[in-house]
Amino acid sequence: MDRLLTGLQPSGTLTIGNYSGGINQVLNYQKNYETFLFVPDMHATTVTQDPEALRRNIRNAVAVYLACGVDVNLPNMHLYIQSENLYHANLSWILECHAYFGEMSRMHQFKEKSKKNENFTCGLYTYPILMASDILLYDAKYVPTGIDQKQHVELARNLALRFNNRYKGEYFVCPESIIPKVGASIKDLQNPAKKMSKSCENPKSSIFLLDPENVVRKKIMSAVTDSEGKIYYDEENKAGLSNLITIYSIFSGLSIEQVVAKFDGAGYGDFKKDLANLLCERLVVIQDKYNQIINSSIIDDALDAGREFTTKIAKEKYEQIRKAVGYGR
Ligand code: ATP
Ligand code: MG
């Protein structure tokens, strides 16, 4: 089985964007790949976090993964927390010493996030290298993500190739991102020029997987569209409406064309009501499962098993890399 790896930062509650780019892809692939699914809690602290909220979000994230259908009973599913495995940070340092200041300065996400706070941390700048370490430690071949992470997976590829060339060996597997054809970037409901993000300050911009029904309805009904009043898909000129069509497609399983055909001649109000119903129907099921799981021992059992399994693999890889570089005795 080829290895697949992905993680979602516990920087807040997961959104339907995270579902589309991350969780839904894991659900589609989990039976066919050895899956490394982790909670990148160290990535979350690239911006300031309240420790209690962070701890809560880590557990919530795992409960949400499971509630969405991630199956920890599969022998090929490994669920773990990044900070519980010390090799991620150790390998990251080695990779940092092989990454160039110039290439790191070109990372789109750093440019965007560093604009929000002029006192941004060095961690925000180097975090794509930690992400490369997360991936390369496990010889992951595929990394399912939204489009926003594509550049970071490319960095991981470049670092893998550079290292293999420099030390003349097949030390790392070169990873590839898997980006969904539909829903690679779910947009902000209030500003469809931006992607939806769990850390966005405007709560009306994002739908969280744990939002109550009335909140979901309000957010959908107040989502920005256009004044044309006709339902068709045009990302460029009708970004808001096209985003809603995309969300409908993801949660209904219909193609974009089928969604457009279904609502041919309908008004935006009716379409939005139908979309809100669909989302609420799906989210209620996830939330019921979440409530059953959040205080159960399933979470810790899965995380303990995941930590044990992945630490062994990471240690082996790290020892190999450490020797290649010339560290130690
Ligand atoms: P933050 O605002 O803290 O960066 P985020 O919502 O961007 O949070 P991440 O933890 O950075 O979420 O990303 C987790 C996964 O979700 C990644 O695979 C990322 O590509 C994907 N993802 C994030 N936002 C979207 C989106 N709007 N549409 C599709 N996929 C997304
Ligand atoms: Mg992000």
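Every value quoted in this text rests on a predicted model; they were computed, and no experiment measured them.

Calculation notes
- Residues numbered from 1 in each chain as written.
- Chains lettered and ligands numbered in written order.
- Predicted model: local features only at pLDDT ≥ 70, side-chain atom pairs only at ≥ 80, totals over all residues.
- Heavy atoms only, no water.
- Near = heavy atom within 4 Å.
- Polar contact = N/O pair within 3.5 Å; in protein donor to acceptor, adjacent residues only side chain to side chain.
- Areas by Shrake-Rupley, 256 points an atom, 1.4 Å probe, with all protein chains shown as cover.
- Helix = DSSP H or I, 4+ residues; strand = E, 2+ residues; numbered from the N terminus.
- Nonpolar A, V, L, I, M, F, W, Y, C, P; charged D, E, K, R; others polar.
- Core = buried A, V, L, I, M, F, W, Y, C linked by side-chain atoms within 4.5 Å.
- Buried < 20%, exposed > 50% of the residue type's maximum accessible area, 1.4 Å probe, protein only.
- Domains from an automatic or database assignment.
- Axes fitted to C-alpha atoms, helices over the stretch in contact; angles between N-to-C directions.
- Parallel < 35°, antiparallel > 145°, perpendicular 65-115°, else oblique.
- Contact = heavy atoms within 4.5 Å.
- Buried area = accessible area lost by both parts, 1.4 Å probe.
- Salt bridge = Lys/Arg side-chain N within 4 Å of Asp/Glu carboxyl O.
- Pairing = 2+ DSSP bridges.
- Phe/Tyr/Trp six-rings, centres within 6.5 Å; stacked < 30°, edge-to-face > 60°.
- Expected span 1.5 Å × (residues − 1).
- Left-handed = near helix turned anticlockwise from the far one by under 90°.

**Remarks on the site of ligand 1**
Part 1: Lining the immediate environment of ligand 1, one finds 21 residues, of which Ser11, Lys113, Lys195, Lys198 and Ser199 sit closest.
Part 2: Take Gln9: an N or O atom from its main chain is 2.9 Å from an oxygen atom of ligand 1.
Part 3: With respect to ligand 1, the side chain of Asn18 contributes an N or O atom lying 3.1 Å from an oxygen atom.
Part 4: Bound to the protein, ligand 1 loses 97% of the 590 Å² it would expose on its own.
Part 5: Among the elements that take part in the shell around ligand 1, helix H1 (residues 16-29) stands out by supplying three residues, more than any other.
Part 6: Its residues assigned to classes, the shell around ligand 1 shows four nonpolar, 13 polar and four charged.

**Focus: the nonpolar core**
Part 1: Ranked by internal contacts, the top residues of the largest apolar core, which has 59 residues, are Ile23, Tyr65, Leu209, Ile247, Phe251, Phe271 and Leu279.
Part 2: When residues of this core are assigned to their parent elements, the largest contribution, 11 residues, is made by helix H12 (residues 268-293).
Part 3: Residue contributions to this core reach at least three from each of two domains, namely domain 1 (3-179 + 296-325) and domain 2 (183-295).

**As for the packing of helix H3 (residues 51-68) against helix H13 (residues 298-325)**
Part 1: The N-to-C vectors of H3 and H13 enclose an angle of 95°; their axes lie 10 Å apart at closest approach. In this view, H3 runs roughly perpendicular relative to H13, as classed from their interaxial angle. Taking contact as the criterion, the partners of Arg59, Val62, Ala63 and Leu66 in H3 are, on H13, Ile298, Ile299, Asp300 and Leu303.

**Overview of the domain arrangement of the protein**
Part 1: Here the protein is partitioned into domain 1 (3-179 + 296-325) and domain 2 (183-295).
Part 2: Domain 1 and domain 2 are separated by 27 Å when their C-alpha centres are compared.
Part 3: The interface is formed by 29 residues belonging to domain 1 together with 26 residues belonging to domain 2.
Part 4: Summed over both sides, the interface of domain 1 with domain 2 buries roughly 2,300 Å², with 68% coming from carbon and sulfur.
Part 5: Linking domain 1 to domain 2 there are zero salt bridges.
Part 6: For the side of domain 1 that touches domain 2, the secondary structure elements donating two or more residues are H1 and H3.
Part 7: Residue contributions to the side of domain 1 that touches domain 2 peak at eight residues, all from H1.

**With respect to the pattern of salt bridges**
Part 1: This model, assessed by the stated rule, comprises 15 salt bridges.
Part 2: Of the charged contacts in the structure, one is a salt bridge between Glu84 and Arg307, with a shortest N-O distance of 3.7 Å. Here Glu84, found in the loop between strand E3 (77-81) and helix H4 (87-96), pairs with Arg307, found in helix H13; they are 223 residues apart in sequence, far enough to count as distant.
Part 3: For Glu84, a relative accessible area of 33% translates into the label partly exposed.
Part 4: Counted as one network, the salt bridges with shared partners bring together Glu84, Asp304 and Arg307.

**So, unusual backbone geometry**
Part 1: Not every positive phi belongs to a glycine, and Asp139 is a case in point at roughly 55°.
Part 2: Within the secondary structure, Asp139 sits in the loop between helix H7 (122-136) and strand E4 (142-144).

**Describing the pairing of E3**
Part 1: Most of E3 sits inside the fold, with five of its five residues counted as buried.
Part 2: Across five bridges, the pairing between strand E2 (residues 34-39) and E3 is parallel. Directly across from Leu37, in E3, lies its bridge partner Leu79.

**Focus: the packing of aromatic side chains**
Part 1: Inspection of the entire model under this criterion finds 17 aromatic pairs.
Part 2: With a centroid separation of 5.6 Å and 90° between ring planes, the pair formed by Phe163 and Tyr171 is classed as edge-to-face.
Part 3: Judged by its relative accessible area of 17%, Tyr171 falls in the buried class.
Part 4: Each member of the aromatic cluster is reached from another via a ring pair, and the members are Phe36, Phe38, Tyr80 and Tyr138.

**Section: H13**
Part 1: In this model, H13 (28 residues) spans 40 Å end to end at C-alpha, consistent with the 40 Å of a helix rising 1.5 Å per residue.
Part 2: Along H13, the positions that sit buried rather than exposed are Ile299, Ala302, Leu303, Gly306, Thr310, Ile313, Ala314, Lys317, Tyr318 and Ile321.
Part 3: Count one or two residues on from H13 and you reach Gly326, which has phi positive near 105°.

**Examining the packing of H7 against helix H8 (residues 150-166)**
Part 1: Remark: H7 packs on H8, axes separated minimally by 9 Å, with the N-to-C direction vectors making an angle of 65°. With respect to H8, the axis of H7 lies roughly perpendicular. As H7 runs across H8, the sense of the crossing is right-handed. Contact residues: Tyr127, Pro128, Ile129, Met131, Ala132, Ile135 and Leu136 in H7; His152, Val153, Leu155, Ala156, Leu159 and Ala160 in H8.

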